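# Chain and residue survey
Listed below are the residues making up each chain.
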Amino acid sequence: MNKTIIANWKLNLDHLEAIQLFQKLNYSLDNDIDKKIKIVVAPSFTSLRSIQTIIEADKLKLYLASQDVSEFVEGAYTGEVSVTQLEKLKISFCIVGHSERRQHFNETDESINLKVHNLINKKIVPVICFGESIEQRKSENYLDFLIEQVEKSIKGLRKDKVDEIIFAYEPVWAIGTGETPSLQDIVDVISNIKEFLSSKPFFDEENTKFIYGGRVTPDNSKEILNTKIVNGALVGGASLDVDKFIKIIESIE
Ligand code: PGA
């Protein structure tokens, strides 16, 4: 089955530790892993170059993602990392609008939209995160909130530019907690977002993928990942443990 599994290592591991974890993952991966499964690793900026060198030298079938990118392309923006810099590193994917960035770094929908445009222009696949807080979930119109979040992130996207785009449904109340939505909840949200997007000019069944993130573990991955509408997972905590991460990948039938 065509699935994309992204390991979000967040703010963990220095570059030496990241290389170690990456090598362990690479050695532990069964060569028979279905070629249709894309395995993507998202380390900190400081580790991207080291891991990219290994992927290139050993011609590995693993992909790199950045955890974020600047909304600016170049100039006097101290501390930022641009799409051009990511492109040079052959980064294939970039997480955008993760709830931790929205929450702790005041990331806005407008800035997320700029990032998405910049990434698409450089043919880096944006992994656009969206999700509701527990308070929003309890209100009746949380689906409207999610649709609005998604709508703002894709404003102005044109069909001829979009090769691939991934939407990651990440309910904020499930990230790093013991809670997970039911499979039905996940399917309902993705179906609604998919229906909303289906009228957008860039959308087609091939180029637009939907993944789930929020406490994905080997205990729930089988159910989630073998659901047709779910095209993969964004895995945080469990991706730092190679055994658990491999079990998640292996649960794809
Ligand atoms: P988690 O994180 O798997 O630790 O809940 C997921 C994410 O934040 O992408």
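Please refer to the structure higher up on the page.
These figures come from a predicted structure and were not determined experimentally. (Residues numbered from 1 in each chain as written. Predicted model: local features only at pLDDT ≥ 70, side-chain atom pairs only at ≥ 80, totals over all residues. Heavy atoms only, no water.)

Summed over the entire model, instances satisfying the criterion amount to five aromatic pairs. Between the aromatic rings of Tyr-63 and Phe-93, the centroid separation amounts to 6.2 Å while the plane-to-plane angle is 90 degrees, which identifies the pairing as edge-to-face. Of the two residues, Tyr-63 sits in strand S3 (residues 63-66) while Phe-93 sits in strand S4 (residues 93-96), which places them 30 residues apart along the sequence. Clustering of aromatic rings is evident, with ring pairs tying together Phe-130, Tyr-169 and Tyr-212. Here Lys-38 stacks its cationic end above the ring of Tyr-63, 5.3 Å away from the centre of that ring. Across from the ring centre of Phe-105, 4.4 Å away, lies the NZ or CZ of Arg-101, which sits over that ring. (Phe/Tyr/Trp six-rings, centres within 6.5 Å; stacked < 30°, edge-to-face > 60°. Helix = DSSP H or I, 4+ residues; strand = E, 2+ residues; numbered from the N terminus. Lys NZ or Arg CZ within 6 Å of the ring centre and 35° of its normal.)

Mapped onto the elements, Val-230 comes out in the loop between helix H9 (221-225) and strand S8 (232-235). Among the residues examined, Val-230 registers a relative accessible area of 0% and is labelled buried. Spatially, the C-alpha atom of Val-230 lies 9.9 Å from that of Asn-2, the residues being 228 residues apart in sequence. Not counting the four nearest positions on each side in its chain, Val-230 is found in contact with Lys-3, Ile-186, Ile-190, Phe-210, Tyr-212, Ile-224 and Leu-225. (Buried < 20%, exposed > 50% of the residue type's maximum accessible area, 1.4 Å probe, protein only. Contact = heavy atoms within 4.5 Å.)

With that settled, the discussion passes to the sheet that holds S8. Spatially, the eight strands close up into a barrel ordered S1-S2-S3-S4-S5-S6-S7-S8, and their pairing is parallel. Direction aside, the axes of adjacent strands within the sheet are offset by 25 degrees on average. For strand S7 (residues 208-213) and S8, the ladder comprises two bridges, and the chain directions are parallel. Note on S8: the bridge partner recorded for Tyr-212 is Ala-233. Of the strands in this sheet, strand S5 (125-130), strand S6 (165-169) and S7 touch helix H8 (residues 183-197), which is tilted by about 155 degrees from S7. (Pairing = 2+ DSSP bridges. Axes fitted to C-alpha atoms, helices over the stretch in contact; angles between N-to-C directions.)

Near the ligand there are 13 residues, and of these Lys-10, His-98, Glu-170, Gly-176 and Arg-215 occur at the shortest range. His-98 places a polar side-chain atom, nitrogen or oxygen, 2.7 Å from an oxygen atom of the ligand. At 2.8 Å from an oxygen atom of the ligand is found a side-chain nitrogen or oxygen belonging to Glu-170. Contact with the protein chains hides 95% of the accessible area of the ligand, taken as 280 Å² for the molecule alone. (Near = heavy atom within 4 Å. Polar contact = N/O pair within 3.5 Å; in protein donor to acceptor, adjacent residues only side chain to side chain. Areas by Shrake-Rupley, 256 points an atom, 1.4 Å probe, with all protein chains shown as cover.)

On to the side chain of Asn-8, then. Mapped onto the elements, Asn-8 comes out in strand S1 (residues 3-8). Within polar-contact distance, the side chain of Asn-8 engages the backbone nitrogen of Lys-10 at 3.1 Å. Here Asn-8 is in contact with Ala-42, Gln-67, Ile-95, His-98, Leu-234, Val-235, Gly-236 and Ser-239, once residues within four sequence places are set aside.

Turning to the pattern of salt bridges, a few remarks are in order. Proximity of charged atoms lets side chains of opposite charge pair with each other. Counted according to the given criterion, the structure contains 16 salt bridges. The residue Glu-205 makes a salt bridge to Lys-194 at a minimum N-O spacing of 3.3 Å. Pair noted here: Glu-205 is in the loop between H8 and S7 and Lys-194 is in helix H8, with a separation of 11 residues, a long-range link. Take Lys-194: its relative accessible area is 21%, and that puts it in the partly exposed class. Salt bridges here are not isolated pairs; linked through shared partners, they connect Asp-68, Arg-101, Glu-107 and Lys-115. (Salt bridge = Lys/Arg side-chain N within 4 Å of Asp/Glu carboxyl O.)

Another point: the pairing of S3. Summarising the sheet, strand S2 (residues 37-42) and S3 pair through two bridges and their orientation is parallel. Considered in S3, the bridge of Val-40 is made with Tyr-63. The handedness of the S2 to S3 crossover, carried by helix H2 (residues 45-57), is right-handed. Taken together, the two bridges between S3 and S4 define a ladder with parallel strand orientation. Bridge pairing in S4 places Ser-66 opposite Cys-94. Note that the unit made of S3, helix H3 (residues 83-88) and S4 has a crossover that is right-handed. (Right-handed = clockwise from strand over helix to strand, strands pointing away.)

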